[in-house]
Amino acid sequence: MKGLVIRNTGSWYDVRTDDGQLFACKVKGNFRLRGIRSTNPVAVGDIVEVLPPAAPANGAATIDLSPTGGQQGAFITDIHDRRNYIIRRASNLSKQSHILAANVDLACLVATIAHPETSTTFIDRFLASAEAYRVPVALIFNKVDLYDDDQLRYLEAVVALYRHLGYACHTVSAVTGEGLDNLRSELRGRTSLLSGNSGVGKSTLLNCLVPEARVKTAELSLAHDQGLHTTTFSEMFDLPSSDDVADAGRIIDTPGIRGFGTFDFEREEVGHYFREIFSIGRGCRFGNCTHTHEPGCAVLKALDNHEIAESRYQSYLSMLDDKDERKYREKF
Ligand SMILES: Nc1nc2c(ncn2[C@@H]2O[C@H](COP(=O)(O)OP(=O)(O)OP(=O)(O)O)[C@@H](O)[C@H]2O)c(=O)[nH]1
Ligand SMILES: [Mg+2]
Ligand SMILES: [Zn+2]
């Protein structure tokens, strides 16, 4: 039976089959042979084959249900080919990866200018990873209700930078509801992932968009700006449809992440994942220019002329550094 993985609790996977049944599945067999070493062989968004539990021999209609309501005793026996997936490496040194979600149409990064602050390096690493996996992205700047004038000005500059690069940007507040209608239009008809640091309001936003979800969020507190890692597993929800919108889309809430680990790339490839560095870099004298010291480097020239943002270039350098670090450690 074919189904969609909608929840990964760590102990089991909830799968909704085409006929609408919910199964709490364990994984049968070894999917690790498929080229990625990941802590979770199956991810939310995967299309899988499910082996339902055997019917009780005596005909008694007792089905054990999991705490989330799925029928227990089912197995995932196969995973259909993934259109794409978003992966996160536990750390730069780790070969182990975690698949955040599979088969997504849009990866949304929820970011905040303050309470807590999302660094531009984090944003750029997320964007670079999405470029590498060819997944469209949108940036959602949340908590606009909290910002003072300086922070609002900074927000405006950040949004202008990313819009100029061609990324969709939304400024929203999960508390006042500002910007949510535009966001709903962006999500319509697509399967979207919500990612970002802990505490930026992913789950709070999800509860606004899907009121019946009622997922757990952190207690409102002004004392701490740090996230509390409230969400501990990924889960997919259907956005409510209406008379004029048949398919409002699906949205996946994920646990907050501290850093966005890197993926495998070659040094001269890093620039391919920064749109403006890629296009301006075509004018460099050397085809394998790393845009750090080479003569005739068009990127360094554009940086001097302020055609490339300093923050973007710093993020680019930080990803180059990762690569160095790994090479160094691998040697020893
Ligand atoms: N003022 C304000 N507070 C918000 C907004 N969105 C979320 N919050 C608060 O921010 C805190 C963290 O929200 P969560 O939704 O739990 O954050 P999360 O991103 O899901 O965090 P993790 O599950 O830990 O990754 C909570 O106290 C929310 O009430 C917003 O737009 N404005
Ligand atoms: Mg959460
Ligand atoms: Zn160059």
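All values reported here derive from a predicted model rather than from experimental measurement.

Asks: Sorry if this is basic, but what is going on with the overall build of the chain here?
Replies: When its secondary structure is counted, the chain shows 7 helices and 13 strands. Each of the 332 residues in the chain was classed as buried or not, and the buried ones make up 35%. Taking as baseline every contact in the chain between residues at least 6 positions apart, the subset at least 24 positions apart corresponds to 66%.

Asks: I would appreciate a short explanation of the confidence of the model for the chain in the present structure.
Replies: Should the pLDDT be low somewhere, the predicted coordinates at that spot are not to be read in detail. Residues of the chain with pLDDT of at least 70 account for 87%, and the chain-wide mean is 87. Note on residues 327-332: pLDDT under 50 across the span, and 1 contact to partners over four residues away in sequence or across chains.

Asks: What is the right way to read the pairing of strand β11 (residues 191-195) from this model?
Replies: The two faces of a sheet get side chains in turn, since along a regular strand they alternate between them. In terms of burial, β11 is largely enclosed, as 5 of its 5 residues are buried. Alternating residues of β11 divide into T191, L193 and S195 and S192 and L194, and every residue in both groups is buried. Across 4 bridges, the pairing between strand β8 (residues 106-111) and β11 is parallel. Across the sheet, the residue bridging to L106 is S192, located in β11. Bridge count between β11 and strand β13 (residues 250-253): 4 bridges; the pairing is parallel. Bridged to L194 within β13 is D253.

Asks: Would you explain the site of ligand 1 in this entry?
Replies: What surrounds ligand 1 is a group of 25 residues, the closest being G201, S203, T204, T231 and G256. For the shell around ligand 1, the per-class residue count stands at 8 nonpolar, 13 polar and 4 charged.

Asks: Can you walk me through unusual backbone geometry in this structure?
Replies: Note on backbone geometry: most residues besides glycine have negative phi, and most peptide bonds are trans. Cis geometry is adopted by the peptide bond preceding P116, which originates at H115 and carries an omega value of -10°. Topologically, P116 is positioned in the loop between β8 and α1 (120-133). Despite not being glycine, H115 has its phi angle at roughly 60°, a positive value. Take H115: it is sitting in the loop between β8 and α1. Even without being a glycine, H291 presents a positive backbone phi close to 60°.

Asks: What exactly am I supposed to notice about the pairing of β8 here?
Replies: Burial within β8 is extensive, with 5 of its 6 residues counted as buried. When β8 meets strand β9 (residues 137-141), the two strands line up parallel, connected through 5 bridges. Pairing of A111 across the sheet is with F141, part of β9. For the crossover that starts at β8, traverses α1 and ends in the parallel β9, the hand is right-handed.

Asks: What's the story with the environment of G166 in this structure? I'm lost.
Replies: Positionally, G166 belongs in the loop between α2 (149-164) and β10 (168-171). Classification of G166 by C-beta neighbours within 10 Å gives exposed; the count is 8. Separated by 110 residues in sequence, G166 and E276 place their C-alpha atoms 9.9 Å apart.

Asks: So what exactly am I meant to see when it comes to the nonpolar core here?
Replies: The tendency in soluble globular proteins is for nonpolar side chains to be buried side by side. With 68 residues, the main nonpolar core has C25, A101, L109, L139, I140 and L193 as its most contacted residues. When residues no more than four places from it in sequence are discounted, the contact partners of C25 are W12, Y13, V15, V50, A74, F75 and I76.

Asks: Teacher, can you tell me more about the environment of A248 here?
Replies: Within the fold, A248 resides in the loop between β12 (235-238) and β13. Residue class for A248 comes out partly exposed when judged on the 19 C-beta atoms lying within 10 Å of it. For A248 and E186, which are 62 residues apart along the polypeptide, the C-alpha to C-alpha distance reads 9.6 Å. Discounting chain neighbours no more than four positions away, the residues touching A248 are R188, L239, P240 and S241.

Asks: Honestly, α1 in this entry has me stumped. Any pointers?
Replies: Think of an α-helix as turning once every 3.6 residues; residues three or four places apart then point the same way. For α1, which comprises 14 residues, the first-to-last C-alpha distance of 20 Å matches the rise-based estimate of 20 Å (1.5 Å per residue) to within 8%. Taken as a whole, α1 has its buried residues at I123, D124, R125, F126, L127, A128, S129 and A130. Phi turns positive one or two residues past the end of α1, at R134, with a value near 55°.

Cut-offs and rules
- Residues numbered from 1 in each chain as written.
- Chains lettered and ligands numbered in written order.
- Predicted model: local features only at pLDDT ≥ 70, side-chain atom pairs only at ≥ 80, totals over all residues.
- Helix = DSSP H or I, 4+ residues; strand = E, 2+ residues; numbered from the N terminus.
- Buried ≥ 20, exposed ≤ 12 C-beta atoms within 10 Å, placed from the backbone.
- Contact = placed C-beta atoms within 7 Å.
- pLDDT = per-residue confidence, 0-100.
- Pairing = 2+ DSSP bridges.
- Near = placed C-beta within 6 Å.
- Nonpolar A, V, L, I, M, F, W, Y, C, P; charged D, E, K, R; others polar.
- Right-handed = clockwise from strand over helix to strand, strands pointing away.
- Core = buried A, V, L, I, M, F, W, Y, C linked by C-beta atoms within 7 Å.
- Expected span 1.5 Å × (residues − 1).

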